[in-house]
Number of protein chains: 2
Amino acid sequence: MCNLFNLSGKVGMLKNGFFRSNPMLYSARNFSVKCMHYGTNVDKRTLVSGERKQRTFSDRSQLKYARRLVVKLGSAVITREDGNGLALGRLASIIEQVAECHHEGRECIMVTSGAVAFGRQKLTQELLMSLSMRETLSPSDHTREDAGSILDPRAAAAVGQSELMAMYDAMFSQYNVKIAQVLVTKPDFYNEETRKNLFCTLSELISLNIVPIVNTNDAVSPPMYIHDDTVVPGTGKKGIGIKDNDSLSALLAAEIQSDLLIMMSDVDGIYNKPPWEDGARMMHTYSSKEQVQFGQKSKVGTGGMDSKVNAATWAMARGVSVVICNGMQEKAIKTIISGRKVGTFFTDCPSNSTTSVDIIAENARTGSRVLQKLTPSERASAIHTLADLLIEKKEQILEANAKDLEEATKSGLEKPLLNRLSLSAGKLKTLSIGLKQIADSSYENVGRVLRRTKLAENLMLKQVTVPIGVLLVIFESRPDSLPQVAALAMASANGLLLKGGKEAAFSNKALMELVKESLQSVGAQDSISLVSTREEISDLLAMEKHIDLIIPRGSSDLVRSIQKQSQHIPVLGHAEGICHVYLDKDADPIKAIKIVRDAKCDYPAACNAMETLLLHEDHLNGSLFTEICNMLKHEGVKIHAGPKLATQLTFGPPPAKTMRHEYGSLECCIEIVSDMDAAIDHIHKFGSSHTDVIVTENDATAKQFLNAVDSACVFHNVSSRFADGFRFGLGAEVGISTARIHARGPVGVEGLLTTKWILEGTDHTAAEFNEGKRNWLHENLPLN
Amino acid sequence: MCNLFNLSGKVGMLKNGFFRSNPMLYSARNFSVKCMHYGTNVDKRTLVSGERKQRTFSDRSQLKYARRLVVKLGSAVITREDGNGLALGRLASIIEQVAECHHEGRECIMVTSGAVAFGRQKLTQELLMSLSMRETLSPSDHTREDAGSILDPRAAAAVGQSELMAMYDAMFSQYNVKIAQVLVTKPDFYNEETRKNLFCTLSELISLNIVPIVNTNDAVSPPMYIHDDTVVPGTGKKGIGIKDNDSLSALLAAEIQSDLLIMMSDVDGIYNKPPWEDGARMMHTYSSKEQVQFGQKSKVGTGGMDSKVNAATWAMARGVSVVICNGMQEKAIKTIISGRKVGTFFTDCPSNSTTSVDIIAENARTGSRVLQKLTPSERASAIHTLADLLIEKKEQILEANAKDLEEATKSGLEKPLLNRLSLSAGKLKTLSIGLKQIADSSYENVGRVLRRTKLAENLMLKQVTVPIGVLLVIFESRPDSLPQVAALAMASANGLLLKGGKEAAFSNKALMELVKESLQSVGAQDSISLVSTREEISDLLAMEKHIDLIIPRGSSDLVRSIQKQSQHIPVLGHAEGICHVYLDKDADPIKAIKIVRDAKCDYPAACNAMETLLLHEDHLNGSLFTEICNMLKHEGVKIHAGPKLATQLTFGPPPAKTMRHEYGSLECCIEIVSDMDAAIDHIHKFGSSHTDVIVTENDATAKQFLNAVDSACVFHNVSSRFADGFRFGLGAEVGISTARIHARGPVGVEGLLTTKWILEGTDHTAAEFNEGKRNWLHENLPLN
């Protein structure tokens, strides 16, 4: 049913849906190819081996261009934890990904282990069956466990190989992918003819749109080994020691000029940074110059990390990009190809200009500590320098900005976005003035004493403000955010990573140069850096060891997405602003109309604009309801009716789809409530705890409302639009937070600070107090 | 190769490892059974259908006892998103779980869809091949897509069924599980003989240790339907409308007296709580009395939610517990059986006494708002009531505690843990006094004004303290934590969920009754509740909509595990306390020895005990090093040498394995540093930012150290043991935090508070300020 491959390249076909188990079929001095597919649908590709130009990738973001891909599966990936049988779910998922790559037009080759494990399981079963026949007894679990360990691995491999291939075939056929088995032994690489045949056959298979599955012929051959010094015959290249599938996959990848080799095992990657020894997630780029420290050992498989790194560096030296990753991770192949930082990326090209984001983040931490050691006036002077540079260097800023604008216009960016992107001499001047204000108000930020207590005689405690540490600010188009945020970080002595939008890349780069220049003036140039636009946000969000707080500045979609994605780093911001204005029974109609107009119409896109108007039911029959509706109509506001309002009106506005909606435009919902308590219930049920307003002349009612409504901002007789850091007098606004810990509501620089406790004594010990030799005073002292 | 099952119960065997595709084999008026397995290893089980007693589970925690299990896979689970072909990875994972259940001794039956999708893919392929043959052209993707849609589903089912079974067989054989195919049609249920045969055969298969795979025979039969009113022949029971596999699985589960039916589709569960309409995670127990609201529609499959709920309630009424879950979720079956809250759990037994934790949490939020509305003296009075009750009801508390102690002694709990668990009249008295102190110091907690600003004429802003919301406190053995934490929550007007250890269950229950009684006195009984010990912590950690802050009180393992697991709820606490004492060049030797002794030996298990002693290198040759070592040896402290110290000593202490280790016992590490900056670097590199100490007589050095070390607590010439809420004079201690946002270091009640902004005006609008009609004042006012 299966034909042997003719090494000259002709392919024997088999028109049967499922491959079934067959007598073992292998050759000793040669490699054998079993072709398994069931159709004649051969899609000719244009690619011919040898003619194509090999790419080398200097950066993970280029991996998506990988055309020819070798995926090596370690036995730990394929084998179940108990060592017997295949980890089917994992294998199926990998096959699914390889099939997807194949259908995307990538040429895939798999190097697989696992035959031994598979065969062991089969043999165990046979053994148990014969036991059971002999004993006419059902075997105990104990026997079952023992059976596996007494088996010869070579016999197991012999049994397992064909069954393993049948499994691959059955699975790949699900995705209409045809596969071929290529078994290799050591002499195949010494004998020039078989060697040529091997690579020729692989190319032929690839050109026939078939995925070759390569394995060492464990059943007949001892582990292969060619010394590193051995020149591989016919190539002039030095060989790699093929002692396992790691080196085999490296050799194959190099010989068939693969772009990318993915080696999947049971380790996350390579540790080469001592501070990460405590299990930090690996997402590293390894360049050939670096010294590798091995922090983790592979649990299963003979190779271990040494063999993988040797194989990887060998392949890398031959122009193949390599990623070593954990095959247990979901969707590892697709994730790696998408450029995400999974596993260790090996590249021979020194990464061009951009430093790894881990290093940038570590530097930001160190830099923050430098900033913290400075005096407040030194920090302020750096901000002043930046403010001055914005004016001095305005030509080069505007030049860079012009480039961004040109690109943006070409790509058809919409007018409002272009406006946000555009800088001008005027904007820079305003920006510079704002920065000087931040500088002037920064003297009390860091080191401010919040509490002083005399704990005992000569034992003085104080709590002082200190920076949080390293912030990550993610901002969209507006490049003017960059110097603003940088100044806030300097003012609060925080380290800062900035991730700007791609559309403002030139402007951001130019502005960052000025930030660096100003930092250099105080020796803290490392504390603030721009993260490359290529960095994936999800990778940054996983850096909880390096980043203490994330501040997204942009659309509520951005904020929401980041809040959702970030698992261990707190995010300062608000996902939605569903603000209510409640017109109480005792509301003054004129104030009510004035406040509602401002809350909805002053700037409908703002998060502090009103989305739902709650009306005391008494107003439904009075003139206020009509007047409000007329005013809103006059302002062009589209009204939606809440369920209660809808039932009370014969011809009312269209019903609101939900009461929990941020329109963000000239639209709002009106709902009727029976009293203030109902209004509060409504706000708690449908609001977003941002800003809620009561309009009433009854001070007792107002007091109750202000006390009971559980939102960041609660207002009486004023527009919701006042919820804003500048309007609150907090100076520069970091954002508005609806979180319930740390800062809440409009956040100024204070939100970027935490505290530390400083205790000074002479020789105080806890034991002295326990023993009554010293006494507690706990006397609160004035702050200065 | 495959034998038809003889309905009298004899089994035909097949001794071949892999099943291969076969001509379609089905019967129209009867159901057919294809037996696929490859061994005679039949493990006779004791179970005989009809004799066993059926269990009904009232609680998810009992699902682990499920003995007979029906797993129903919807087509959405098995089918790829594009509708063609199987989602192989998903299917393999489900089969892996079923196989595991099987090997655990559970009897599993699968009801599967997917034949149509599978057949469609096969047919598409055939169609494309014939196209390709005719046109001698590789088909374009366009044709490929079209081909699928023109196929007859019945034909597709005919093709797919056998191939699907082959796939199941190939996969199950990986786990040494034998399966049999059972195809059913409508008449099988009307005809008494075939109906009996069917259930008899299923029982027979199960007793033969074979997993039956049941499907409707889509190829020959229209969708089955038996009206709900129809009495199923021979049973006297009313039938369920078998219009799809949902009802089929319910009928089978009921007829074969299955314990548990798991219905897997592409929805998470059932929404029956309007406030959760915005995509809250479903983890619900559905009892037959509840009204169901459908919030989500199944994307694929004919059934949809109605059919699932009908089927589930039908089965539930017949004593089968049902879980509807999302089959896309990883390890859903194992997770459900482990008792985790995945999907919707249907049970006919009203859940006994314990309210669902969602409802408890919602009540805590409402209760918190009640507490918040109270006056400070009302809150204080509730705490006083609790303090009094601890004395009044001490007999019943101690009685409950005695039960816990008895159980604990039986189970061999160790002495120190027994001590922590044990209460006494003395302990209760101390506790009561402590509570009264919390009450007396609580007046300023909530509503304290932190900032007052006159924004403009008649526009007054203030920032006031408010409770965070709902806290989850997870505590281990000590039952005295319960009233303490409850008092802190009352004092700060927070809602509170308490999760205590199982070993203190009786004591906690008794104490919680007193807490409820004291809360009742102010009408806030819902604000604090004990979460059942059965609740999984991981389920609680996923309740970010209900819980605002988690406070683990217990071992550092507990804290670490919770910090790691919690993805969206902040955790207040510290995972480790790696505290350093640095003996500067200018340290006073007597002070140094005194402080080091206290820091290490006063209470070595505390998080604020010293773990590493950093010694200025000048001391290596002086007497201080020897004296310190002698003192430590005298105190029984085992010393480990850091790398630098090790190289400097010929016969030194054994080397430390790592410098980042919390010994938590009479052990410590000593390392040499060249100067204070090196000490600071060491602390930053290996410390946990908890508490670090400098001992020096040089005030300038001390100042630099206190300024530069980036830890929650930094001390000069005092023992690290002072890092403690009580010692700091913060009153009751909530915990010590090493987080960098919100509270840091020892945390008192303040850490349980956040703020809200209250703005009062007359009719102020933002537009008036923009238009210059009003002017900003931003005048800071005194706080009172």
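Chain A carries the name Delta-1-pyrroline-5-carboxylate synthase in an unreviewed UniProt entry, which gives Bicyclus anynana as its organism.

Caption draft 1: Layout of the sheet that holds strand 12 (residues 470-475) of chain B. All names here are of chain B. Overall, parallel pairing links the four strands, which are arranged 14-13-12-15 in an open sheet. The strands lining the two open edges of the sheet, one partner per strand, are strand 14 (528-530) and strand 15 (549-553). For this sheet the average axis-to-axis angle between neighbouring strands, irrespective of direction, equals 15°. Strand direction decides the pairing type here: strand 12 and strand 13 (residues 495-499), joined by five bridges, are parallel. Looking at strand 13, one finds that Leu471 is bridged to Leu496. Contacts from helix 11 (residues 357-373) reach strand 12, strand 13 and strand 14, with the element oriented near 145° to strand 13. Each of strand 12, strand 13 and strand 14 is contacted by helix 17 (residues 505-520), which is oriented at about 165° to strand 14, the strand it contacts most.

Caption draft 2: Seen up close, the relation of the copies chain A and chain B. Here chain A sits on chain B after a turn of 180° about the axis and a move of 0.0 Å along it, with an RMSD of 0.1 Å. Accordingly, the operation relating the two chain copies is best matched by a two-fold axis. When the interface residues of chain A are mapped onto chain B, 99% of them again fall at the interface, so both copies present the same face.

Caption draft 3: Fine view of helix 19 (residues 556-565) of chain B. All names here are of chain B. Taken as a whole, helix 19 has its buried residues at Leu558, Val559 and Ile562. The arc that holds the buried residues of helix 19, viewed along the axis, is 95°, so those residues lie on one side. Among the exposed residues of helix 19, those pointing more than 90 degrees away from its buried face are Asp557 and Lys564. Residues of helix 19 that are buried make contact with strand 12, helix 18 (537-541) and strand 15.

Caption draft 4: Fine view of the sheet that holds strand 10 (residues 449-456) of chain A. Strand order in this open sheet of ten strands is 25(A)-10(A)-11(A)-24(A)-21(B)-20(B)-16(B)-17(B)-19(B)-18(B), and the pairing throughout is mixed. The open sheet has two free edges, formed respectively by strand 25 (779-781) of chain A together with strand 18 (638-641) of chain B, since each of these has just one partner strand. Sheet twist, expressed as the mean angle between neighbouring strand axes with direction ignored, is 25°. Two elements, strand 24 (residues 753-764) of chain A and strand 21 (residues 713-718) of chain B, share five bridges in a ladder whose sense is parallel. Pairing of Leu759 of chain A across the sheet is with Phe715 of chain B, part of strand 21 of chain B. Against the sheet, helix 24 (residues 699-708) of chain B contacts strand 24 of chain A together with strand 16 (579-583), strand 20 (691-695) and strand 21 of chain B, and its axis sits at roughly 160° relative to strand 21 of chain B.

Caption draft 5: Molecular detail of the interface of chain A and chain B. With 115 residues of chain A in contact, the opposing surface of chain B contributes 115 residues. Taking both sides of the interface into account, the surface hidden between chain A and chain B amounts to around 10,200 Å²; carbon and sulfur atoms contribute 52%. Remark: the boundary between chain A and chain B carries ten salt bridges. Applying the counting criterion to the chain A and chain B interface returns 55 residue pairs in polar contact (both at pLDDT 80 or more). Taken together, the residues of the side of chain A that touches chain B sort by class into 43 nonpolar, 38 polar and 34 charged.

Caption draft 6: Molecular detail of the confidence of the model for chain A. All names here are of chain A. Mean pLDDT for chain A: 80, with 79% of residues reaching 70 or above. Here residues 222-235 is a poorly scored stretch, pLDDT under 50, and it has 43 contacts once near neighbours within four places are set aside; other chains count. Under a pLDDT of 50 for its full length, residues 271-303 has, in the predicted model, 76 contacts with residues more than four places off or in other chains. Across the whole predicted complex the pTM is 0.73, and at the interface the ipTM reaches 0.73.

Caption draft 7: Broad picture of the side chain of Gln372 of chain A. Structurally, the position occupied by Gln372 of chain A is in helix 11 (residues 357-373). Relative accessible area serves as the criterion here: at 5%, Gln372 of chain A is assigned to the buried category. Other than its neighbours up to four places away in sequence, Gln372 of chain A contacts Arg379, Val466, Pro467, Ala493 and Lys756 of chain A together with Asn707 of chain B.

Caption draft 8: Fine view of the pairing of strand 13 of chain B. Residue and element names in this part refer to chain B. When you tally the buried positions in strand 13, you get five out of five residues, the bulk of the element. Because side chains alternate across strand 13, one face comprises the buried residues Gly495, Leu497 and Lys499, and the other comprises Leu496 and Leu498, equally buried. For the crossover that starts at strand 12, traverses helix 16 (residues 481-492) and ends in the parallel strand 13, the hand is right-handed. Two elements, strand 13 and strand 14, share three bridges in a ladder whose sense is parallel. Across the sheet, Leu496 pairs through a bridge with Ile528, a residue of strand 14. One crossover worth recording links strand 13 to the parallel strand 14 by way of helix 17, and it is right-handed.

About the criteria used
Here, residues in each chain are numbered from 1, in the same order as that chain's written sequence. The order in which chains are written sets their letters, starting at A; the order in which ligands are written sets their numbers, starting at 1. In keeping with the model being predicted, local features are shown solely for residues with a pLDDT of at least 70 and side-chain atom pairs are shown and tallied solely at 80 or more, while totals for entire chains, interfaces and linings include all residues. Here the side-chain values reflect all heavy atoms present in the structure, with hydrogen atoms and water set aside. At least two bridges found by DSSP between two strands are what make those strands a pair. Counting from the N terminus, the helices are the DSSP runs of H or I reaching at least four residues and the strands are the DSSP runs of E reaching at least two. Only C-alpha atoms enter the line fits that serve as axes; for helices the fit covers just the stretch in contact. Angles between N-to-C directions range over 0 to 180 degrees. By definition, residues are in contact when any of their heavy atoms lie within 4.5 Å. Copy-to-copy superposition: least squares on the C-alpha atoms, limited to residues that have pLDDT of at least 70 in both copies. Residue burial is assigned from relative accessible area. The probe radius is 1.4 Å, only protein chains are included, and a residue is buried under 20% of its type maximum, exposed over 50%, and partly exposed in between. The directions from the helix axis to the C-beta atoms form the arc being described. For any pair of parts, buried area is found by adding up, for both, the accessible area (1.4 Å probe) each one loses once the two are put together. Definition used for salt bridges: Asp or Glu carboxyl oxygen within 4 Å of a side-chain nitrogen of Lys or Arg. Two N or O atoms form a polar contact when they lie within 3.5 Å of each other; inside protein one atom must be a possible hydrogen donor and the other a possible acceptor, and for residues adjacent in sequence the pair counts only when both atoms belong to side chains. Classes in brief: Ala, Val, Leu, Ile, Met, Phe, Trp, Tyr, Cys and Pro nonpolar; Asp, Glu, Lys and Arg charged; the others, Gly included, polar. Scored between 0 and 100, pLDDT is the confidence that the predictor attaches to each residue. Note on handedness: a crossover is taken as right-handed if, strands pointing away from the viewer, the path from the first strand over the helix to the second is clockwise.

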